[in-house]
Structures are given as structure tokens and as C-alpha cells.
Amino acid sequence: MTTELVVALDYNERTKAELLIEQLEGLPVIYKVGLELFMTAGASWVQALTASGQRVFLDLKFHDIPNTVSQAVVQAAKTGAEFLTLHLSGGKRMLDEVDIRLQEAMIAQEIMERPRVLGVSVLTSFHEEDWIANVSHMAKVTGVRTISDSVFHFASLAHDHPGVQGMVCSPKEVEMIRIKYPHLYLMVPGIRPEGSPSHDQSRVTTPAEAKNLGASAIVVGRPITQSANPRQTVEMILGDLA
Ligand code: C5P
């Protein structure tokens, strides 16, 4: 299985992102645009990026009522982004509406290509106590309690839904999800090349380990954006994934 490299453009100014993209010209990577860059650069900048031939993962983690999320997903798809994210805790009805609206938008030719929808399960910033204390109302309904129970609950929701093609998952979860669901696209952050500082990531995995655990793509930010030679760092990671 091939494992793709996603470079997280975690910048507060688009010019900084543009400089990195220029430095990486010609390398086979996908650029992740998250909330921070999106809020400053905007949808038209993302659209210009895809029009210039770059592959984009628009990571805005939508979470709202089904109507709002499904309309936002169609607007996100108009940027030409190949991947986008939403919270699986929005539920099956939200996923149903997203699927229907994307189909309608394809038929009406509002969008030319259908993006791959990736689900976010439990944010990795949650600790077990927080999760149980704050989500216990859900636990009562579903019988799901721990973070890992919840992640598997969401993985089955993602797998069973035709409108969802994959999930964002931590290095800790990827192997178990891959074993159970061989066809989900698994996007894995928390990656550090050998010898890189882990920053605030609590559990990190090397690119080669993530590939062996079954990652479809790895997401790497600071080891590239803070590198003295980003191009060399990216080439090294691509070598590890080859
Ligand atoms: O700099 P670093 O490689 O830690 O960046 C990882 C990227 O992946 C960031 O954009 C971060 O928001 C994102 N991410 C993450 N952990 C998650 C989900 C997303 O680190 N569970």
C-alpha cells in the first residue's frame, strides 16, 4: 500500500505558505490547509492553489446541524480540495445529507470532482477523564465509554457510510482500525522523522512505522515548516515512505 505525505501549512500568513510551496515545487505532496491559514487566506486562495495543480486537504473539521454542514461541504468542494474533514459525532443523519448534497452538486455540475470526506473521531487533545466526564451523556445512550471504545464506534460509522471515505486517526489507533477496515483511507498526524523533537504531540511515530501500521497518508507539520532545509526534509520523508 502506498502512503502519501501531507504537509501541514500551519501558518498565520499566506505568504509564508506560498514560500514553502515554492521551496517544495515538483515534490509529490498534499498540502493541508487548516483553520488558521483558511481564516487569513480564504477560499479563493485555496481555489487558486488547486487551480495551479496542487493537491489540497481542507481540514476545517465541520460540526453543525446536517443542513449547515452539507451546504458547507459543497462550498468546500468548490475550492477543488481533494480531501475535507467533518466530525463523525455529527451523526449518521449529517453524513446522509452530506452524501446527498454532494451527489446533487455533481449532477448539477456545481463541482467537477467529489472530494474524499474524512471523519474526525475523538480529538487527541482529550484525556480519558475529560472524555468520560464531558461525553458521558452519549455514553449512556450508546454504551460507548472510553476514548478507544468511542474511536471504534466512530470507525464503524465511517466504514458503514457510503458518504465517508476515511478517517483521521492517531498513530495509536491506526493499526487496529486498519486490521478491521482494510479499505478506509487513514490520515495519520503525530509523525516525527527519527531524531525530530516531538513538540506537544504526546505519542509520535516515524513515517516508516506509520506506513507499516497501515497509514494511507501521514500529516507532518513542524518538522518540515521549522526545518532549515524543508525540501531536504520532505525528500527524506518521501524516501522513508518509498
Ligand atoms: O506540527 P505537527 O506535525 O505536530 O502538525 C500536525 C498537524 O496535524 C497539525 O496541523 C495538527 O493540527 C494536525 N492534527 C494533529 N493531531 C490530530 C489531528 C490533527 O496533530 N489528532
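Just so it is clear, the model here is predicted, and its values are computed rather than measured.

### Digging into the overall build of the protein
For the protein, the count of helices and strands is 10 helices and 8 strands. For 242 residues, the compact-globule estimate of 2.2 N^0.38 gives 18 Å, and the C-alpha radius of gyration of the protein, at 18 Å, lies within 12% of that figure. C-alpha atoms of the protein, sized along the principal axes, occupy 50 × 45 × 30 Å. By residue count, 50% of the 242 residues in the protein fall in the buried class. Accessible surface computed for the protein: about 11,800 Å², of which carbon and sulfur atoms make up 53%. Once the 21 positive and 28 negative side-chain charges of the protein are each reduced to a mean point, those two points are 3 Å apart.

### So, the packing of aromatic side chains
A full pass over the atoms with the stated rule returns 2 aromatic pairs. Ring geometry for Phe57 and Phe83: centres 6.2 Å apart, planes at 75 degrees, overall edge-to-face. Here Phe57 is found in strand 3 (residues 55–62), whereas its partner Phe83 is found in strand 4 (residues 83–87), with 26 residues between them in sequence. According to the relative accessible area criterion, Phe83 is buried, its value standing at 0%. An angle of 40 degrees between the planes, with centres 5.0 Å apart, marks the rings of Phe83 and Tyr185 as tilted. Highlighted residues: Phe83 in strand 4 and Tyr185 in strand 7 (residues 185–188), separated in sequence by 102 residues. Taken together through their ring pairs, the aromatic side chains of Phe57, Phe83 and Tyr185 make up a single cluster.

### Things to note about the pairing of strand 1 (residues 4–8)
The buried count for strand 1 comes to 4 of 5 residues, which makes it a mostly enclosed element. With 4 bridges joining them, strand 1 and strand 8 (residues 217–220) adopt parallel strand pairing. Along strand 8, the bridge assignment pairs Val7 with Val220. Handedness of the strand 1-helix 1 (residues 14–23)-strand 2 (residues 29–34) crossover: right-handed.

### Observations concerning the site of the ligand
As a structural note, the neighbourhood of the ligand is formed by Ala8, Asp10, Lys32, Thr124, Pro189, Arg192, Gln201, Val219, Val220, Gly221, Arg222 and Pro223. Contact distances for the ligand include 2.7 Å between an oxygen atom and a side-chain N or O atom of Asp10. With respect to the ligand, the side chain of Arg192 contributes an N or O atom lying 2.9 Å from an oxygen atom. Protein chains bury 81% of the 460 Å² of accessible surface belonging to the ligand in isolation.

### Observations concerning the packing of helix 1 against helix 2 (residues 35–51)
Their axes nearest at 10 Å, the elements helix 1 and helix 2 cross at an angle of 45 degrees. The pairing of helix 1 with helix 2 is recorded here as oblique in orientation. Each of Arg14, Ala17, Glu18 and Ile21 in helix 1 lies in contact with helix 2, whose residues at this interface are Leu37, Ala41, Trp45 and Leu49. The residue inventory of the contact of helix 1 with helix 2, partitioned by class, reads 6 nonpolar, no polar and 2 charged.

### Focus on helix 2
Residues that lie three or four places apart on an α-helix share one face, since the helix turns once every 3.6 residues. Compared with the 24 Å implied by 1.5 Å per residue over 17 residues, the 20 Å span of helix 2 between its first and last C-alpha is markedly short. The largest bend in helix 2 amounts to roughly 95 degrees and is located at Gly42. Among the residues making up helix 2, those that are buried are Leu37, Phe38, Ala41, Gly42, Trp45, Val46, Leu49 and Thr50. If you follow the buried residues of helix 2, they end up packed against helix 1, strand 2 and strand 3.

Reading guide: rules and limits
Residues numbered from 1 in each chain as written. Predicted model: local features only at pLDDT ≥ 70, side-chain atom pairs only at ≥ 80, totals over all residues. Heavy atoms only, no water. Helix = DSSP H or I, 4+ residues; strand = E, 2+ residues; numbered from the N terminus. Rg over C-alpha atoms; globule rule 2.2 N^0.38 Å. Buried < 20%, exposed > 50% of the residue type's maximum accessible area, 1.4 Å probe, protein only. Areas by Shrake-Rupley, 256 points an atom, 1.4 Å probe, with all protein chains shown as cover. Lys, Arg positive; Asp, Glu negative; His and termini not counted. Charge placed at Lys NZ, Arg CZ, Asp CG, Glu CD. Phe/Tyr/Trp six-rings, centres within 6.5 Å; stacked < 30°, edge-to-face > 60°. Pairing = 2+ DSSP bridges. Right-handed = clockwise from strand over helix to strand, strands pointing away. Near = heavy atom within 4 Å. Polar contact = N/O pair within 3.5 Å; in protein donor to acceptor, adjacent residues only side chain to side chain. Axes fitted to C-alpha atoms, helices over the stretch in contact; angles between N-to-C directions. Parallel < 35°, antiparallel > 145°, perpendicular 65-115°, else oblique. Contact = heavy atoms within 4.5 Å. Nonpolar A, V, L, I, M, F, W, Y, C, P; charged D, E, K, R; others polar. Expected span 1.5 Å × (residues − 1). Bend = angle between axes of the 7 residues up to and from the residue.

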